[in-house]
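Inside the fold
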Amino acid sequence: MSTGTTRKHTALPKAQILIEALPWLTRHHGKIVVIKFGGNAMVNEELKAAFAQDVVFLRHAGLKPVVVHGGGPQISAALDKHGIVSEFKAGLRVTTEDAMDVVRMVLAGHVQRELVGLLNQHGPLAVGLTGEDAHTITATKHTPEIDGELVDIGRVGEITEIDTGAIKALLADGRIPVVSSIARSQDDGHVYNVNADTAAAALAAALGAETLMVLTDVEGLYEDWPNSDEVISRLTASQLEKLLPELSSGMVPKMEGCLHAVRNGVNTARVIDGRVQHSILLEIFTDEGIGTMVVPDESDQGDPA
């Protein structure tokens, strides 16, 4: 076989892959996509690099990605180093004043810096900010109810307001905003640690995003876990609402975030397996997709990608 023929055969599948992506590229062009970065993708070097490539690809393909991140594993490690015990109540980290200083340092000073650095290997694209900046995320103290009693879990916030001004300005300038899930206080001059899944959903709704994507360490929402590992590929907001009481505690904020997003103007919300390299591109630009997609109840929403 001649060199020219060999080249033609190896190039053709690449062309077919690009053509398959065309309807999705057309549909998503100019649209905002909010991506919650978390799970194994945050700690595995190869997955981190692939995530950064995916986000930059979206930007160059004409989409407007916004990245929101937490940093659970990194926060736990830093608290251990400072001799502060990690304690969880109602699925949320108890955040004392001392712990909040560490949370802020880790999220804004370590996790965000690393992610911005990975994205900016591909050009002057990413800009880091926290919810404190330009009043992007405002919160009040969250006091969960456990066994009928309200419990004080410290500097954990409940989001009350989103100001999208700074993020929209960055997007208009062609940048990729990278947002740490820390909020300014509405009423007491402090800062709050807010759940990153919740923050991503609130930002997606406020920005009128086309899609919210939440990276997890599972394949998606399982049909009948642990009896089956069959993943539900698509469900409506009402179907998800019925399932919420049965979900494991780790999935609840993710799925509640998806529900909030699609009930507040976001066309689709997806939970995808962040352990799969390039899972974001597979979900947005291929016929198969991966993970679980949540759509609004209204039948007149059209058929989302």
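Higher on the page you've got the structure.
Every value quoted in this text rests on a predicted model; they were computed, and no experiment measured them.

Reading the values: rules and limits
- Residues numbered from 1 in each chain as written.
- Predicted model: local features only at pLDDT ≥ 70, side-chain atom pairs only at ≥ 80, totals over all residues.
- Heavy atoms only, no water.
- Pairing = 2+ DSSP bridges.
- Helix = DSSP H or I, 4+ residues; strand = E, 2+ residues; numbered from the N terminus.
- Axes fitted to C-alpha atoms, helices over the stretch in contact; angles between N-to-C directions.
- Contact = heavy atoms within 4.5 Å.
- Core = buried A, V, L, I, M, F, W, Y, C linked by side-chain atoms within 4.5 Å.
- Buried < 20%, exposed > 50% of the residue type's maximum accessible area, 1.4 Å probe, protein only.

The four strands are arranged β9-β6-β11-β12 in an open sheet whose pairing can be described as mixed. Of all the strands in the sheet, just β9 (157–162) and β12 (191–193) have a single pairing partner and so form its edges. Across this sheet, the average inter-strand angle for adjacent strands is 45°, counted without regard to direction. Pairing of strand β6 (residues 137–141) with β9, which is carried by five bridges, proceeds in the antiparallel orientation. Bridging from a neighbouring strand, K141 pairs with G157 of β9. Running over the sheet, helix α4 (residues 97–119) touches β11 (182–185) and β12 and is turned about 75° from β12.

The next subject is the nonpolar core. Counting residues in each nonpolar core, the largest one holds 43 residues, and the members touching the most others are I35, F51 and L119. Secondary-structure elements contributing two or more residues to this core are α1 (3–28), β1 (32–37), α2 (45–60), α3 (72–81), α4, β10 (176–180), β13 (211–216) and α9 (279–285). Setting aside anything within four residues of it in sequence, one finds L119 in contact with A52, V55, V56, A126, I176 and V178.

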